[in-house]
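Residue strings, one per chain:
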Amino acid sequence: MSFVPMMDPVGRAFRGGYAVPAFCAWNAEVMDVILDTAERLRAPVILMQGPGEFPLLAPALMARVARAALEGRRVTAVLHLDHGDSLAMVSDCIGAGYTSVMLDFSARPFDENASALHQVAGMAHPHGISVEGEIGHVGKADEATAEGGAVSALTDPREAAEYARRTGVDLLAVSIGNKHGFYKGEPHLDFGLLSELHAAVPVPLVMHGGTGIPEDHIRKSIGLGIAKVNVASELVHGTRSSLTSQWEAGRNLWTPVAMGEAVAGLVKTVEKWIRITGAEGKASERAP
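All of the points below concern the structure found in this document.

Reading guide: rules and limits
For every chain, the first residue of its written sequence is number 1, and the numbers climb from 1 along that sequence. In keeping with the model being predicted, local features are shown solely for residues with a pLDDT of at least 70 and side-chain atom pairs are shown and tallied solely at 80 or more, while totals for entire chains, interfaces and linings include all residues. The basis for every side-chain value is the complete set of heavy atoms in the structure, and neither hydrogens nor water enter the calculation. Think of it in three bands: with a 1.4 Å probe and only protein chains considered, a residue is buried below 20% of the maximum accessible area for its type, exposed above 50%, and partly exposed in between. Put simply, DSSP marks the helices as runs of H or I at least four residues long and the strands as runs of E at least two long, and each gets a number from the N terminus on. What the arc measures is the spread of directions leading from the helix axis to the C-beta atoms. By the convention used here, residues are in contact when the closest approach between their heavy atoms is within 4.5 Å. A 3.5 Å cut-off defines polar contacts: any pair of N or O atoms within that distance qualifies, except that in protein one atom must be a possible hydrogen donor and the other a possible acceptor, and neighbouring residues in sequence count only when both atoms are side-chain atoms. When two rings of Phe, Tyr or Trp (its six-membered ring) have centres within 6.5 Å they constitute a pair, described as stacked for plane angles under 30 degrees, edge-to-face for angles over 60, and tilted for the intermediate range. When the NZ atom of lysine or the CZ atom of arginine is within 6 Å of a ring's centre and also within 35 degrees of its normal, the charge is said to sit over that ring.

What to know about helix 7 (residues 191–200)
Within helix 7, the full set of buried residues consists of Phe191, Leu193, Leu194 and Leu197. Projected down its long axis, helix 7 shows its buried positions confined to an angular sector of 150 degrees, all on one face. The inward-facing, buried residues of helix 7 abut helix 6 (157–167), strand 7 (205–207), helix 8 (215–222) and strand 8 (226–231). The N-terminus of helix 7 is capped by Asp190, whose side-chain oxygen sits 3.2 Å from the backbone nitrogen of Gly192.

Structure follows, in structure tokens:
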């Protein structure tokens, strides 16, 4: 089994009224949990890595680990560069075999963002690789989160339509009140704005910052064009909580047992998001 381009499962989700969950997958153990759960629930999934993970393993080696984790499984999965911060990183991931890439220039001027994503589409599309861009800017909900800036900038529907036209992106991440990290209160999503964006933009929309958004808000968003939902903070928090508890209990963390226990607790999180997004049972019948 090989990783598939993002637009394979996400395009089907967009047409079918559900979404594909995208999970931060920073090591082999986490990848194994995500893929095992997806195979059991017959769900398409997306493995994400980016600037936060590549200091641990560079794209070429991370991609090799991901392909080894996928080998022998009957599961529809995407290997995605999330929040790429340079054209060089995008190029490295394309060369490494990623099947989807995102360049996040959302905090830069519109013309610079659009021009750069047009370049990325030119680099990726000839290889059958999907491209995600972001217009508007999804900020941070807490100070511990690495992704996003201090504030958010909501997506303008007219800019979003022009951006999609000029860049040729396959998916568009939007800012409608969603944020990266843990919300300090209940998030307030602008569904009216999302409806306008869905009408203005012909491509599937992406929600970053899925952690902490109520289930009914997620489902309502899916009905308004969201076809990919990113989840990272919930997985990181679950792993950290387990390791902290084990450390306080006097356990040696530098053992496979400790990490195995930490990631085993992520199964319920992955199951939950597969079901919230409606992805259960939606794996491609073409998967060997």
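Back to the write-up after that little detour.
Points about unusual backbone geometry
A positive phi angle is found at Arg42, which is not glycine, with a value near 50 degrees. You can see Arg42 is positioned in the loop between helix 2 (28–41) and strand 2 (45–49). In this structure Arg42 comes out as partly exposed when scored by relative accessible area, which is 40%. With a phi close to 55 degrees, His83 is a non-glycine residue in the positive phi region.

Some details on the packing of aromatic side chains
On inspection of all chains with the given rule, the structure shows two aromatic pairs. With a centroid separation of 6.3 Å and 90 degrees between ring planes, the pair formed by Phe54 and Tyr98 is classed as edge-to-face. Note that Phe54 is positioned in the loop between strand 2 and helix 3 (59–70) and Tyr98 in the loop between helix 4 (87–96) and strand 4 (100–103), a separation of 44 residues in sequence. You'll find Phe54 and Tyr98 in the same group, each marked buried. For the pair Phe110 and Tyr163, a centre-to-centre distance of 6.2 Å together with 65 degrees between the ring planes defines the contact as edge-to-face. Within this pair, whereas Phe110 is found in helix 5 (residues 110–124), its partner Tyr163 is found in helix 6, the two being separated by 53 residues in sequence. Judged by relative accessible area, which is 19%, Phe110 ranks as buried. For Arg108, the ring lying beneath its charged end belongs to Phe105, and the centroid distance is 3.7 Å. When the ring centre of Phe191 is taken as origin, the NZ or CZ atom of Lys220, which lies over that ring, is 4.5 Å away.

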